[in-house]
Amino acid sequence: MTQLFVLSGPDKGRGFAIKDEGTYVGRSPENNIQLEDRTVSRRHLKIIKRDDGYSITNLETQNGTFYEGSYVARHVEIPIEEGVPIAIGMSVICVGEGCIEQTMPFFESVGFAEGVAEESGIFRIHKAKTNQRKLELLYRVSRLLDENLPVYRTLEKMLGYIFDLLKEIDTGAFILIHPESEKILSVISKTSKPDPDRVSVYCPDVIGRVIKDRKPHAISNVETEEGVDDVDTLRTLKIQSVLCAPLISDSRIMGVIYIDSQRGPFGFSKEDISLFVDLCHRTALFLAQALWASESTNIAEAISPSAQDEAAT
């Protein structure tokens, strides 16, 4: 009988049988498979067996379902491949008897130890070197979010991982905002090298657009873009390419991830947008959990470096 395996999250390491007539996955005991992850919805996902394999349907979820880096629309059935990770809440699951065995040769090829590979929540086999590096980034982020570090330290480390992957970017930042007022509360940023002529670590027009539209915005080459409102501002700031994506949890926007390059166009690829959607999903859930865990309801205090340092002493 085919099984569902939990690759990361509170139930990591567990396996569950999948019923031929349909299997419901969620936090409620009424499901065929009950998960402990509180970021998983009460009834999150349905797995359906078809003649040619398996498919999934994302149900009435708050934190969404991601498959191959893309958001799965609600009540839309999509086919899946066995062994390919599915992100629900802060957990990663996959369907198939040989998930670990199927992907072990890949992890060995990129230098992961056997124990590390077995702990990973990302089990997609990639052949291209760039895809291998993206896989490693997602794995490192998954491990980082499990460390329960203060928010600003977690985001600082994550920016370092992003710079390791995207060698052509000059600036990266997490801009955290109040979910109700949308006022900027904190900016955690990193630059490839200090630039005394740069007036801001990010383009305000791009940030404002993404917060308003609540969807990613990317320009790979500013010089060839026409008819985009923020292009003139980007040219003034000498930014050649920019990518910004929202951090959304439970329909609330928590902030954005922002990267740009001044040294030239194409600081990132089109495929990087889906990667950032995945990162945003994980980061937004991490931020929401950090607020839930805080005894204070003051969001600004919950993400303040000084407040977190005091709490650690």
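Residues numbered from 1 in each chain as written. Predicted model: local features only at pLDDT ≥ 70, side-chain atom pairs only at ≥ 80, totals over all residues. Heavy atoms only, no water.

**Student:** Got a minute to help me understand the pairing of strand β1 (residues 3-8) in this structure?
**Tutor:** Successive side chains on a regular strand alternate, one facing one side of the sheet and the next facing the other. Buried residues dominate β1, accounting for five of its six residues. Sheet analysis places β1 next to strand β2 (residues 15-17), joined by three bridges and oriented antiparallel. Residue pairing for β2: Q3 is matched across the bridge by A17. Hairpin connection, β1 to β2: the antiparallel pair is bridged by six residues, and G9 has positive phi, about 115°. Note that β1 and strand β11 (residues 91-95) share four bridges and pair antiparallel. Opposite V6, over in β11, you have I93 as the bridge partner. (Buried < 20%, exposed > 50% of the residue type's maximum accessible area, 1.4 Å probe, protein only. Helix = DSSP H or I, 4+ residues; strand = E, 2+ residues; numbered from the N terminus. Pairing = 2+ DSSP bridges.)

**Student:** It is not clear to me how the packing of aromatic side chains should be interpreted in this structure. Could you clarify?
**Tutor:** Aromatic ring pairs are described here by two measures, namely the spacing of the ring centres and the angle between the planes. For the coordinates displayed, the defined rule picks out one aromatic pair. Ring geometry for Y202 versus Y258: centroids 6.3 Å apart, planes at 70°, classification edge-to-face. Taken together, the positions of Y202 in the loop between β13 (184-191) and α5 (204-213) and Y258 in strand β16 (residues 252-261) put the pair 56 residues apart, joining distant regions of the chain. A residue is classified by how much of its surface remains accessible, and Y202, at 14% relative accessible area, is buried. For Y258, a relative accessible area of 0% corresponds to the buried category. Sitting over the ring of Y24, R43 keeps its end group 4.0 Å from the ring centre. The ring of F163 carries K190 above its face, with NZ or CZ at 5.3 Å from the centroid. (Phe/Tyr/Trp six-rings, centres within 6.5 Å; stacked < 30°, edge-to-face > 60°. Lys NZ or Arg CZ within 6 Å of the ring centre and 35° of its normal.)

**Student:** Can you help me understand the side chain of T23 in this one?
**Tutor:** Tracing the backbone through its elements, the reader meets T23 in strand β3 (residues 23-26). According to the relative accessible area criterion, T23 is buried, its value standing at 0%. Side-chain polar atoms of T23 contact the backbone nitrogen of K19, separated by 2.7 Å. With residues near it in sequence (within four places) discarded, T23 still touches I18, N32, I33, L45, K46 and I47. (Polar contact = N/O pair within 3.5 Å; in protein donor to acceptor, adjacent residues only side chain to side chain. Contact = heavy atoms within 4.5 Å.)

**Student:** How should the sheet that holds β3 be read in this particular structure?
**Tutor:** In a beta sheet, neighbouring strands are held together by backbone hydrogen bonds and run either parallel or antiparallel to one another. With mixed pairing, five strands are arranged side by side in an open sheet as β4-β3-β5-β6-β9. The strands lining the two open edges of the sheet, one partner per strand, are β4 (33-34) and β9 (77-80). In this structure, strand β5 (residues 45-50) lies alongside strand β6 (residues 53-58), joined through six bridges in antiparallel fashion. Counted as the bridge partner of K49 is Y54 from β6.

**Student:** What should I look at first to understand the pairing of strand β12 (residues 171-177) in this one?
**Tutor:** Burial analysis of β12 places seven of its seven residues in the buried class, the great majority of the element. Neither face of β12 is open: one carries T171, A173, I175 and I177, the other G172, F174 and L176, and all of them are buried. Where β12 and β13 come together, seven bridges link them in antiparallel fashion. Within β13, the position partnered with G172 by the bridge is K190.

**Student:** Explain the environment of E156 here, please?
**Tutor:** The residue E156 is located in helix α4 (residues 151-165) in this model. For E156, a relative accessible area of 43% corresponds to the partly exposed category. Sequence spacing of E156 and A173 is 17 residues, and the spatial spacing of their C-alpha atoms is 8.8 Å.

**Student:** What is the right way to read the nonpolar core from this model?
**Tutor:** Across soluble globular proteins, you tend to see nonpolar side chains buried next to one another. With 36 residues, the main nonpolar core has I162, F174, L176, L247 and I259 as its most contacted residues. Ranked by size, the runner-up nonpolar core spans 21 residues in total, among them V228, L237, V256 and Y258. (Core = buried A, V, L, I, M, F, W, Y, C linked by side-chain atoms within 4.5 Å.)

**Student:** Before we go on, may I ask you to explain the sheet that holds β11 in this structure?
**Tutor:** An order of β2-β1-β11-β10-β7-β8 is seen for the six strands of this open sheet, with the pairing classed as antiparallel. Strands at the two margins of the open sheet, each flanked by one partner only, are β2 and β8 (70-71).

**Student:** It is not clear to me how unusual backbone geometry should be interpreted in this structure. Could you clarify?
**Tutor:** We note that H75 has phi near 60°; this positive angle belongs to a residue other than glycine. Here H75 is to be found in the loop between β8 and β9. Its identity is not glycine, yet R214 carries a phi of approximately 60°, on the positive side. Note that R214 resides in the loop between α5 and β14 (217-219).

**Student:** Sorry if this is basic, but what is going on with the pattern of salt bridges here?
**Tutor:** Oppositely charged side chains may form a pair once their charged atoms are brought near each other. Within this structure, the stated rule accounts for nine salt bridges. Notably, a salt bridge pairs R140 with D164, separated by 3.5 Å at the nearest N-O pair. You can see R140 sitting in helix α3 (residues 129-145) and its partner D164 sitting in helix α4, a full 24 residues away along the chain. For R140, a relative accessible area of 28% corresponds to the partly exposed category. When salt bridges with common partners are traced through the structure, they connect R209, D213 and D230 into a single cluster. (Salt bridge = Lys/Arg side-chain N within 4 Å of Asp/Glu carboxyl O.)

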